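Observations on chain architecture
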Amino acid sequence: MRDFSEEELERYSRHILLADVGVEGQDKICAARVLVVGAGGLGSPVAYYLAAAGVGTIGIVDGDVVDLSNLQRQILHGTAEVGVPKVESARRKMAALNPGVQIETWQTMLCAENILDIVAPYDFVIDGTDNFAAKFLINDACVLAKKPYSHGGILRFDGQTMTVKPGESACYACVFHEPPPAGAVPACSSAGVLGAVAGMLGTIQAAEALKFITGAGTPLFDTLLSFNAKTMDFRKTKLKRNPRCRVCGGEGIARLRDYQPPVCDLKG
Amino acid sequence: MTGYAIPSSVHDDFSTFQRQYADFVSGKLDALAFKTIRVPFGIYEQRAPQTFMARVKLTGGLITPAQLAALAGIAQDYANGKIHVTTRGGAQLHDVKVENFLFVIEALHRAGLTGRGGGGNTVRNVVVDPHAGVAPDEVFDPTPHALAMTEKMLARKDSHALPRKYKIAFSGSAADRGGACFADVGFIARENGKARGFRVYLAGGMGAHSRLGTSWLDFLPESEIFLFAQAVKEVFDARGNRKNKHAARLRFLLEDLGEETLRGLIGEKIPQVRARGGWELSLPEAFAPPALDAGPTPAASPEEALWRRRFVTRQKQAGYYSVKLPLALGDLPAEKARALAEALSAAVPFDETIRFASDQNVYLRNLPEAALPGLFPVLSAASPQTQKPALLGDIVVCTGAATCQLGITVPRGAQAALEKRLSAAELDLDALQGFRLNLSGCPNSCGRHEIADLGFFGKASRNDGVLYPAYNVFAGARTGDGIARFARKVGEVAAFHLPRFVQAVLTTWLAEKPGYADFADWIDAGGDRIVADLARRFENVPAFDDDRNPYFDFQQKEVFSLKGRGAGECSAGMYELIEADRKALGAALKLPEDTPENLALIRLLAARMLLVTRGEDARGEAEVLAAFKKQFLDSGLIDAEYLPFVQGPPRPEVRRLAEAVVALYGTMDNTLKFAGERAREATAAVLADAPAGRVDDAEKAHRCKDYRGVACPMNFVKTKMDLAQMQSGQILEILLDDGAPIDNVPQSVKGEGHAVLAQTREGEAWRVRIRKK
């Protein structure tokens, strides 16, 4: 058991007060390592809440620099930081919020070649990307490396998320098989998205990570949660692992490949 | 309009009382259980075992001549033959025997009087300005409102089991002679156009923590006074502190919640009470005596003329007079009361003639001038105070150390000496009519020093190591709507010099008086500095060996001492002594030289500083060191390693001893207990509480933590931290503050599956034992 300082006891008191978290749960949070892929609309709230919660080590991957059009939803970045690498801007905000957490930045785009090395040291991965190629790559890598992770996606007024425990619960490919053909579905950066929807979904993902770390409650395993912010309808869809899933079923995949278009060329 | 009507519920309550009284007498009900039943009926036990005091509710002090005669009869038959006027304008009968309870209550009920709500945590006697209905300055007579309020409150069950007492006061004018500004709920009459209503003050009161009422509403229509008072009462009932009676009054709730929150709660409650109905009042007509043709004024003897100047005032009703009957300490002998009742019945054809007042005097009213000559001899016989200037009869004192455990000095003795001195002095005391001179024996406000023109509270001072009785001096209180304030401290004087000091202040004030509206004005305009200068002349006393007189308190046969004066709730007098030594010690420690003189001084101050907390007042170095050894070293409060330094010539190590004493002082709480002591007592309490056979080593706490001063929810957070670090089945002991912490933490601990083994009160705090799940 970690020896909490007075300052930490006070900072995390509202976690410790929770019967399902308590000192033991906070101890796990402080020892946890979480990787957030993408420091954009989803990654902003996720990384910020995880830093606030005291997650011991937070990795954050993003190859982009801050663009003025990001600021409508990517709340980790400020106007003065346009042109600054997103991971750098994110690190500043997170460190200011909670100097007690370790922040590891990866200023790169994930691709088949680098992803396994990057996810290796973490206990949990958050998918905060904005395109199908990246989402499938993350799913494949997490299945291969047996890393539990939270999938998230938003478009216009809609959001969806599921939490995956490779080998035990349905993976992203069990449900969605393959990325849609290029151009069939617009990325949110080109179709538009209500900024707050990013916050709604990102905070759900952060909560999932914390639930997983502490063991409190039931994560969204085998469950797809989707909502529409216009009607505020939330829906849960029960999922089942596909025994013949090309990624996690049968023999599964042996090695990674980049989906088209190449992830590394995409602007986040 | 001659007093309240007793609601039928009180008679029902009395039937219950009779049954339980029978059980008590036959031994089926124990004394403690019966206490909770008799106290709300106004029956308290006195100091002598098996003798009781019966309190009688008199709303606004109203009592008819017939009731006064009946009360006199009860006092003669079942009590000590005196009627005592209380500080809420009610009455008390003393020395009532257990076997006479029922007779007393029945006789009171026959006379239309009751003690219900006379004591305990109830709605207390409603106070009204004793001049209500006759004062020329009043907006209207609030007596009917007070009566209607009393009847409504008496009839409700929820008025008799509150967190603490609940005091209501009414004034008819901005002069606030009813003390609305110092009440839990105070009403001051106002008119808004033609509509009658009241300005409302809330959460005032006097005590160890006095507070002026907060101006709550500018105008409350007269029809809604009960609605409001009931809503406040319900909020108080639901939220008041039932654990610590010393911090339970409405004023503590206000300070706890903040004004805004309390306003919110009351604001939510009012519509609920309104919707329930039953809050509507039927206000009786205010009494108006029949118009008089003023006849020729009969010539008065010189004695009667002097009495008239002192105690008789003209009413707003032409031809009618009010008369003050000053009483020594509020006592009216029964036979004098009966004579007074008969004289009044003969003099006027109506009952509205008597009011008992919260200044513990009786006020007569609605007397035609023709009735005065006949009343003069009756009143002169009723109280010797009628032959003295009003100032002397008006001096307020508490009982002080003579009978009160909290008292430090004996203000009744001071008052007697003061009266003697002032009577002999060439002072025009009649020109000082209305001057408020009040004395308390300790910082509590029983002697009302905080609302005096010149007020005093008792303390202990020290001259050359020897204690002597002294008083802190307060000056310049004001009462009145919007201007009320407490008196402020201007200095201190030796008790021995108090009479001469008061004489000096009054002489000065008489000379200054023509230039100022009142004493408070003079105090504000620089009079405070003059009074402070005078006080300094009377502050010091000669050395003990030169003149021992100042070291005796008035009327006491032994040298003044705090010995045996334990840790009361009012130890402020002791704090001053400790602080004085601590300051001197600090100064001595700053001197770098280790001269034998300085080291000896350090050792003496360090050893003496905390002795008063043990009820010791040793004199002389040898005595002080011996007492220190016994109280602090032998008891283990100070580490025994210092033992060598209190023996023989002082050594430089006494500096470390001094630091240890100051550190120990830092752990002292306001019951004058130190950290080590508290832990020991708590362990003893837990051991005493534990069921027999379970007190073994396994029951000893594995961890003890002091979370006093740690607010919610951090105290629970820390408790969880402790439990997380312990093994299942181990015992954790924590100290928690009273109030929210003790209300919440054990509950939350249980909620997480741990066992709460014991919860024991410890001074202001609580000790809680927990077994980890």
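Rules used throughout
Residues numbered from 1 in each chain as written. Chains lettered and ligands numbered in written order. Predicted model: local features only at pLDDT ≥ 70, side-chain atom pairs only at ≥ 80, totals over all residues. Heavy atoms only, no water. Helix = DSSP H or I, 4+ residues; strand = E, 2+ residues; numbered from the N terminus. Contact = heavy atoms within 4.5 Å. Areas by Shrake-Rupley, 256 points an atom, 1.4 Å probe, with all protein chains shown as cover. Buried < 20%, exposed > 50% of the residue type's maximum accessible area, 1.4 Å probe, protein only. Axes fitted to C-alpha atoms, helices over the stretch in contact; angles between N-to-C directions. Parallel < 35°, antiparallel > 145°, perpendicular 65-115°, else oblique. Left-handed = near helix turned anticlockwise from the far one by under 90°. Nonpolar A, V, L, I, M, F, W, Y, C, P; charged D, E, K, R; others polar. Pairing = 2+ DSSP bridges. Polar contact = N/O pair within 3.5 Å; in protein donor to acceptor, adjacent residues only side chain to side chain. Buried area = accessible area lost by both parts, 1.4 Å probe. Salt bridge = Lys/Arg side-chain N within 4 Å of Asp/Glu carboxyl O. Expected span 1.5 Å × (residues − 1). Phe/Tyr/Trp six-rings, centres within 6.5 Å; stacked < 30°, edge-to-face > 60°. Lys NZ or Arg CZ within 6 Å of the ring centre and 35° of its normal. Arc of directions from axis to C-beta. Core = buried A, V, L, I, M, F, W, Y, C linked by side-chain atoms within 4.5 Å. pLDDT = per-residue confidence, 0-100.

Focus on the overall build of chain A
The helix and strand inventory of chain A stands at 10 helices and eight strands. Counting only contacts in chain A whose residues sit at least 6 apart along the sequence, the fraction spanning at least 24 positions is 67%. When the accessible surface of chain A is summed, it comes to about 11800 Å², and 53% of that surface belongs to carbon and sulfur atoms.

Focus: the overall build of chain B
Helix and strand content of chain B: 22 helices and 24 strands. Element-wise, carbon and sulfur atoms account for 51% of the exposed surface of chain B, whose accessible area totals about 31800 Å².

A word on the environment of alanine 452 of chain B
Residues and elements named next belong to chain B. Here alanine 452 lies in the loop between strand 17 (437–440) and strand 18 (454–463). Take alanine 452: its relative accessible area is 0%, and that puts it in the buried class. Each C-alpha atom, one on alanine 452 and one on glycine 476, is 6.9 Å from the other, the two residues being 24 residues apart in sequence. The contacts of alanine 452, once residues within four sequence positions are left out, are Arg436, Asn438, Gly476, Ala477 and Ala487.

As for the packing of helix 3 (residues 65–78) of chain B against helix 10 (residues 334–347) of chain B
If you want to describe how two helices pack, look at the angle between their axes and the distance between the axes. All names here are of chain B. For the pair helix 3 and helix 10, interaxial distance at closest approach is 8 Å and the crossing angle is 160°. Comparing their axes, helix 10 and helix 3 come out roughly antiparallel. You can see that helix 3 and helix 10 cross each other, and the crossing is left-handed. Of the residues in helix 10, those touching helix 3 at Pro65, Leu68, Ala69, Ala72, Gly73, Ala75 and Gln76 are Ala334, Glu335, Ala337, Arg338, Leu340, Ala341, Leu344 and Ser345. Residues belonging to the contact of helix 3 with helix 10 are distributed by class as follows: 10 nonpolar, three polar and two charged.

A look at the sheet that holds strand 14 (residues 354–356) of chain B
Residue and element names in this part refer to chain B. Sheet architecture is open: five strands sit in the order 3-14-15-12-11, paired in antiparallel fashion. Looking at strand neighbours, the two that pair on one side only are strand 3 (62–63) and strand 11 (312–314), the edges of this open sheet. Strand direction decides the pairing type here: strand 12 (residues 320–325) and strand 15 (residues 362–368), joined by five bridges, are antiparallel. Residue pairing across strands places tyrosine 321 opposite leucine 367, the latter belonging to strand 15.

Here we look at the side chain of glutamine 315 of chain B
Residue and element names in this part refer to chain B. The residue glutamine 315 is located in the loop between strand 11 and strand 12 in this model. A polar atom in the side chain of glutamine 315 sits 2.9 Å from the side chain of glutamine 317. Reaching out from glutamine 315, the side chain makes a polar contact with the side chain of serine 322 at a distance of 3.0 Å. Aside from chain neighbours lying at most four places away, what touches glutamine 315 is Val134, Tyr320, Tyr321, Ser322, Arg365, Asn366 and Leu367.

What to know about the interface of chain B and chain A
Residue-level contacts link 10 residues of chain B with 16 residues of chain A. For the pair chain B and chain A, the two sides together bury roughly 1000 Å², of which 72% comes from carbon and sulfur. For the pair chain B and chain A, the interface holds one salt bridge. Note that lysine 718 of chain B and glutamate 6 of chain A form a salt bridge whose closest N and O atoms lie 2.5 Å from each other. At the junction of chain B with chain A, the criterion picks out four residue pairs in polar contact (both at pLDDT 80 or more). When its residues are assigned to classes, the side of chain B that touches chain A shows six nonpolar, one polar and three charged.

Structural notes on helix 17 (residues 596–609) of chain B
For helix 17 of chain B, spanning 14 residues, the distance from its first C-alpha to its last is 20 Å, which sits close to the expected 20 Å at 1.5 Å a residue. All of the buried residues in helix 17 of chain B are Asn598, Leu599, Ile602, Arg603, Leu605, Ala606, Ala607, Arg608 and Met609 of chain B.

Concerning the packing of aromatic side chains
For the coordinates displayed, the defined rule picks out 36 aromatic pairs over all chains. Feature note: the residues Phe14, Phe17, Tyr21, Phe24, Phe34, Phe41, Phe52 and Phe101 of chain B constitute an aromatic cluster, connected by ring pairs. The ring of tyrosine 259 of chain A carries the charged tip of arginine 257 of chain A above its face, separated from the ring centre by 4.4 Å. Taking the ring centre of phenylalanine 226 of chain B as reference, the NZ or CZ of lysine 152 of chain B above it sits at 5.7 Å.

Thoughts on helix 2 (residues 31–38) of chain B
Side chains three or four residues apart in an α-helix point the same way, a direct result of the helix having 3.6 residues per turn. Residue and element names in this part refer to chain B. Of all the positions in helix 2, only Phe34, Ile37 and Arg38 are classed as buried. Looking down the long axis of helix 2, one finds its buried residues gathered within 90° of arc, a one-sided arrangement. Seen from the open side of helix 2, the exposed residues pointing more than 90 degrees away from its buried face are Leu32 and Thr36. Here the buried face of helix 2 lies against helix 1 (8–25), strand 1 (43–45), strand 2 (51–56) and helix 4 (101–110).

Considerations on the pairing of strand 4 (residues 82–85) of chain B
All names here are of chain B. The sheet contact formed by strand 4 and strand 13 (residues 331–333) spans three bridges and is antiparallel. Its bridge partner lying in strand 13, isoleucine 83 is registered against leucine 332. Sheet topology places strand 4 next to strand 5 (residues 91–97); two bridges connect them, and they run antiparallel. Across the sheet, residue histidine 84 finds its bridge partner in strand 5, namely glutamine 92.

Regarding the nonpolar core
Residue and element names in this part refer to chain B. Phe17, Leu68, Leu71, Ile83, Phe101, Phe356 and Leu364 are the most contacted members of the largest nonpolar core, which totals 67 residues. Setting aside residues up to four positions removed in sequence, leucine 68 forms contacts with Ile63, Ile83, Ala337, Leu340, Ala341, Ile354 and Phe356. Counting residues in hydrophobic clusters, the runner-up holds 41 residues, among them Val123, Phe187, Trp216 and Ile270.

Notes on the side chain of glutamate 304 of chain B
All names here are of chain B. Topologically, glutamate 304 is positioned in helix 9 (residues 302–311). The class for glutamate 304 is buried, based on a relative accessible area of 7%. Residues within four places of glutamate 304 in sequence aside, it is in contact with Leu372, Pro373 and Phe376.

Some thoughts on the pairing of strand 2 of chain B
All names here are of chain B. For strand 2, the buried fraction is high: five of the six residues fall into the buried class. Bridge count for strand 1 against strand 2 is three bridges, and the pairing is antiparallel. Within strand 2, the position partnered with isoleucine 43 by the bridge is alanine 54. One ladder, built from five bridges, connects strand 2 with strand 5; its direction is antiparallel. Each residue of the ladder has a partner; that of alanine 54, found in strand 5, is leucine 93.

Quick look at the packing of helix 21 (residues 714–724) of chain B against helix 22 (residues 740–751) of chain B
Residues and elements named next belong to chain B. Where helix 21 meets helix 22, the axes come as close as 10 Å, and the angle between the chain directions of the two elements is 35°. Judged by the sense of rotation from one axis to the other, the crossing of helix 21 with helix 22 is right-handed. Residues Asn715, Phe716 and Thr719 of helix 21 pack against Pro741, Val745, Ser748 and Val749 of helix 22. Grouping the constituent residues of the contact of helix 21 with helix 22 by class yields four nonpolar, three polar and no charged.

Regarding the sheet that holds strand 8 (residues 233–238) of chain A
All names here are of chain A. Taking strand neighbours across the sheet as the criterion, the eight strands line up as 3-2-1-4-5-6-7-8 in an open arrangement whose pairing is mixed. Both edges of this open sheet fall to strand 3 (102–106) and strand 8, since each of them pairs with a single strand only. Taken pair by pair, the neighbouring strands of this sheet meet at an average axis angle of 15°, ignoring direction. Pairing analysis gives two bridges linking strand 4 (residues 124–127) to strand 5 (residues 149–155), with the strands arranged parallel. Pairing of isoleucine 126 across the sheet is with serine 150, part of strand 5. Helix 7 (residues 132–145) rests against strand 1 (33–37), strand 4 and strand 5 of the sheet, and its axis sits at about 170° to strand 5.

Comments concerning the confidence of the model for chain B
Of all residues in chain B, 92% attain a pLDDT of 70 or more, and the chain-wide mean is 87. Interface scoring of the predicted complex returns ipTM 0.85; its pTM is 0.60.

Thoughts on unusual backbone geometry
Only a minority of non-glycine residues have a phi that is not negative, and only a minority of peptide bonds are not trans. Residue proline 713 of chain B follows cysteine 712 of chain B across a cis peptide bond; omega there is 0°. With respect to the helices and strands, proline 713 of chain B occurs in the loop between strand 21 (703–706) and helix 21. In this structure, lysine 146 of chain A is a non-glycine residue whose phi angle is positive, near 55°. Of note, lysine 146 of chain A is situated in the loop between helix 7 and strand 5.

Some remarks on the pattern of salt bridges
All names here are of chain B. A complete count under the given rule lists 61 salt bridges over all chains for this structure. Aspartate 524 serves as the salt-bridge partner of arginine 485, at 3.0 Å between the closest nitrogen and oxygen. Residue arginine 485 is found in the loop between strand 19 (466–475) and strand 20 (488–494), and its partner aspartate 524 is found in helix 15 (residues 519–537); the two are separated by 39 residues along the sequence. Look at aspartate 524 and you get partly exposed, because its relative accessible area is 39%. Across the pair glutamate 621 and arginine 603 runs a salt bridge whose closest N-O atoms are separated by 3.6 Å. Separated by 18 residues along the polypeptide, glutamate 621 in helix 18 (residues 621–633) and arginine 603 in helix 17 bring together distant segments of the chain.

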